[in-house]
Amino acid sequence: MLQRIQTVWIFLAVLGAVFLNITAQDFDVLGAYLTINVSTVILILFGVLSIFSFKNRKRQILLNNISIIINALLIGLLAYWLLNLSGGISIPEKGIEPVFPFLSIVCLLLANMFIRKDERLVKSVDRLR
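Sequence order sets the numbering: in each chain, residues are counted from 1 along the sequence as written. The predicted origin of the model limits local features to residues at a pLDDT of at least 70 and limits the giving and counting of side-chain atom pairs to 80 or more, whereas totals for whole chains, interfaces and linings rest on all residues. Note: side-chain values were computed over all heavy atoms of the structure, leaving out hydrogens and water.

K.L.:
Help me understand empty space enclosed by the protein in this model?
P.N.:
Think of a ball as big as a water molecule: rolled over the atoms, this probe shows where empty space is left. The definitions used throughout rest on a 1 Å grid laid over the protein atoms alone, on which a cavity is an enclosed set of points accommodating a 1.4 Å probe that cannot get out and a pocket is an open set flanked by protein within 12 Å on both sides along at least five of seven lines; lining residues are those having an atom within 4 Å of a point. Grid points are joined across faces, edges and corners, and a volume is the space filled by probe spheres set on the points. One pass over the full model with this rule turns up 1 cavity of 30 Å³ or more. Each pocket or cavity is described by its volume, and for the largest cavity that value is around 60 Å³. In this structure, the largest cavity is lined by I10, A13, V14, A17, L43, G47, S67, N71, S104 and L108. Sorting the residues of the lining of the largest cavity by element identifies α1 (5-23), α2 (33-52), α3 (57-83) and α4 (99-128) as the ones contributing at least two each. Segments assigned H or I by DSSP are reported as helices when at least four residues long, segments assigned E as strands when at least two residues long, and all are numbered from the N terminus. The biggest single contributor to the lining of the largest cavity is α1, with 4 residues. Residues that form the lining of the largest cavity fall into these classes: 6 nonpolar, 4 polar and no charged. Residues are grouped as follows: nonpolar covers Ala, Val, Leu, Ile, Met, Phe, Trp, Tyr, Cys and Pro; charged covers Asp, Glu, Lys and Arg; every other residue, Gly included, is treated as polar.

K.L.:
Got a minute to help me understand the UniProt feature "transmembrane region" (unreviewed entry) in the protein in this structure?
P.N.:
The sites that UniProt annotates as "transmembrane region" (unreviewed entry) are residues 7-24, 30-54, 61-83 and 95-115. The distance from the first to the last C-alpha atom of residues 7-24 is 26 Å, and the span holds 94% helix and 0% strand. End C-alpha to end C-alpha, residues 61-83 measures 33 Å, and it is 100% helix and 0% strand. UniProt positions are given in the numbering used here, feature names are shortened, and annotations may be inferred rather than shown by experiment.

K.L.:
Help me understand α1, please; the structure alone is not making it clear to me.
P.N.:
To estimate how far a helix should reach, multiply one less than its number of residues by 1.5 Å. With 19 residues, α1 extends 27 Å between its outermost C-alpha atoms, agreeing within 8% with the 27 Å of an ideal straight helix rising 1.5 Å per residue. All of the buried residues along α1 are Q6, T7, I10, A13, V14, G16, A17 and L20. Each residue is assigned to one of three classes by its accessible area relative to the maximum for its type, calculated with a 1.4 Å probe on protein chains only: buried under 20%, partly exposed between the two thresholds, exposed over 50%.

K.L.:
Looking at this model, I keep getting lost on the pattern of salt bridges. Mind explaining?
P.N.:
Note on pairing: side chains with opposite charge can pair once their charged atoms come close. For salt bridges, the criterion is a side-chain nitrogen of Lys or Arg within 4 Å of an Asp or Glu carboxyl oxygen. This structure, assessed with the given rule, holds 2 salt bridges. For the salt bridge of R57 with E119, the shortest nitrogen-to-oxygen distance reads 2.6 Å. On the criterion of sequence distance, the pair formed by R57 in helix α3 and E119 in helix α4 is long-range, its members being 62 residues apart. Judged by relative accessible area, which is 18%, R57 ranks as buried.

K.L.:
What exactly am I supposed to notice about the packing of aromatic side chains here?
P.N.:
Each aromatic ring pair is characterised by the separation of its centres together with the angle its planes make. Stacked, tilted and edge-to-face are the three classes assigned to paired rings of Phe, Tyr and Trp, where Trp is represented by its six-membered ring and a pair needs centres within 6.5 Å; plane angles under 30 degrees give stacked, over 60 edge-to-face, the rest tilted. A full pass over the atoms with the stated rule returns 1 aromatic pair. Relative to F100, the ring of F19 has its centre 5.9 Å away and its plane inclined at 50°; by these criteria the two rings are tilted. In this pair, F19 sits in helix α1 while F100 sits in helix α4, placing the two residues 81 residues apart along the sequence.

K.L.:
I'm lost on a nonpolar patch on the surface in this one. Help?
P.N.:
Exposure above 30% relative accessible area and the absence of a salt bridge qualify a residue for a patch, where like charges join within 9 Å and nonpolar side chains (Val, Leu, Ile, Met, Phe, Trp, Tyr) within 5 Å. The Shrake-Rupley method, run with a 1.4 Å probe, gives the accessible areas here. Residue values count only the displayed protein chains as cover. Together, I96, V99, F102, L103 and V106 line one region of the surface with nonpolar side chains, adding up to about 420 Å² of accessible area. Within the fold, F102 resides in helix α4. You can call F102 partly exposed: its relative accessible area is 48%.

Quick look at the structure:
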């Protein structure tokens, strides 16, 4: 069912990956721009696959956990990039890129929480039959 609350959270995580891909156009440390593009495309594909695999909640949780790991790696890569820019990290116009993977992680954790809640509800209903 696409109208569940976890679908909204997963969709927001996908939007975070899309915005990261759009805003990371100035990423040019060690040729990592390709890394950002590939990882954001993978995150988008995993998110869409997770949204449309609503009948298999275990697969949804697995895809969300993989996306969380990729987002955590992206945060590390982006933090490394920001720290190596000239002028330090205190200049606010340096980049908003690490915010999007962080928000995606929060959204995916909330989605996993609601997926597990649905799983418990289904198991309790099966016990009543």
